[in-house]
Amino acid sequence: MIRLIVLLLLGYFVVRAVWRLVHGIAEGLSGARDPKSPSAVALARDPVCGTYVVPSRALTSGSGNDLRFFCSERCRQAWVKR
């Protein structure tokens, strides 16, 4: 009895894995893209530690061409002190 249950579970997982594989291949061949995928965002590099940050969420210092983006207040303070 236990052997039958184990075989049924194993069969279920094998069929499910094959179904997901075939579905993924068919979706890839269709060329359809996920409409929810995020668009690319240009990143800015923190001049102190080198971390890349999203400009809209980063701390800033300066203005115009001298605008710098920072990952944290600590990096911004280190830049101001130099």
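Just above, that's the structure.
Residues numbered from 1 in each chain as written. Predicted model: local features only at pLDDT ≥ 70, side-chain atom pairs only at ≥ 80, totals over all residues. Heavy atoms only, no water.

Asks: Explain the overall build of the protein chain here, please?
Replies: Tallying secondary structure elements over the protein chain gives two helices and four strands in all. Seen in sequence order, the protein chain has helices and strands lined up from the N terminus as α-β-β-β-β-α. Reported as C-alpha extents along the three principal axes, the dimensions of the protein chain are approximately 75 × 35 × 15 Å. Within the protein chain, the fraction of its 82 residues that count as buried is 10%. Mean positive and mean negative side-chain charge positions of the protein chain (12 and 5 charges, respectively) differ by 7 Å. (Helix = DSSP H or I, 4+ residues; strand = E, 2+ residues; numbered from the N terminus. Buried < 20%, exposed > 50% of the residue type's maximum accessible area, 1.4 Å probe, protein only. Lys, Arg positive; Asp, Glu negative; His and termini not counted. Charge placed at Lys NZ, Arg CZ, Asp CG, Glu CD.)

Asks: What should I look at first to understand the packing of aromatic side chains in this one?
Replies: Aromatic ring pairs are defined here through the distance separating the ring centres and the angle between the ring planes. In total, this model carries two aromatic pairs according to the counting rule given. Between Tyr12 and Phe13 the ring centres are 5.3 Å apart and the planes differ by 65 degrees, which places this aromatic pair in the edge-to-face class. On the accessibility criterion, Phe13 (49% relative accessible area) is partly exposed. Between the aromatic rings of Phe70 and Trp79, the centroid separation amounts to 6.2 Å while the plane-to-plane angle is 50 degrees, which identifies the pairing as tilted. For Phe70, a relative accessible area of 1% corresponds to the buried category. (Phe/Tyr/Trp six-rings, centres within 6.5 Å; stacked < 30°, edge-to-face > 60°.)

Asks: Sorry if this is basic, but what is going on with the pattern of salt bridges here?
Replies: A side chain of one charge can pair with a side chain of the opposite charge if their charged atoms are brought near each other. All chains considered together, the criterion is met by two salt bridges. Among the ionic pairs, Asp66 bridges to Arg68, the shortest N-O distance being 3.9 Å. With a shortest N-O distance of 2.6 Å, Arg76 and Glu73 are connected by a salt bridge. In this pair, Arg76 and Glu73 are both assigned in helix H2 (residues 73–81), three residues apart and thus about one turn of the helix distant. Residue classification places Glu73 among the partly exposed residues on the basis of a relative accessible area of 35%. (Salt bridge = Lys/Arg side-chain N within 4 Å of Asp/Glu carboxyl O.)

Asks: Honestly, helix H1 (residues 2–30) in this entry has me stumped. Any pointers?
Replies: Each full turn of the α-helix corresponds to 3.6 residues, which orients residues three or four apart in the same direction. If you check H1, its first and last C-alpha atoms are 42 Å apart, about what 29 residues at 1.5 Å a residue would give, namely 42 Å. Of the residues one or two after H1, Gly31 is the one with positive phi, at around 80 degrees. (Expected span 1.5 Å × (residues − 1).)

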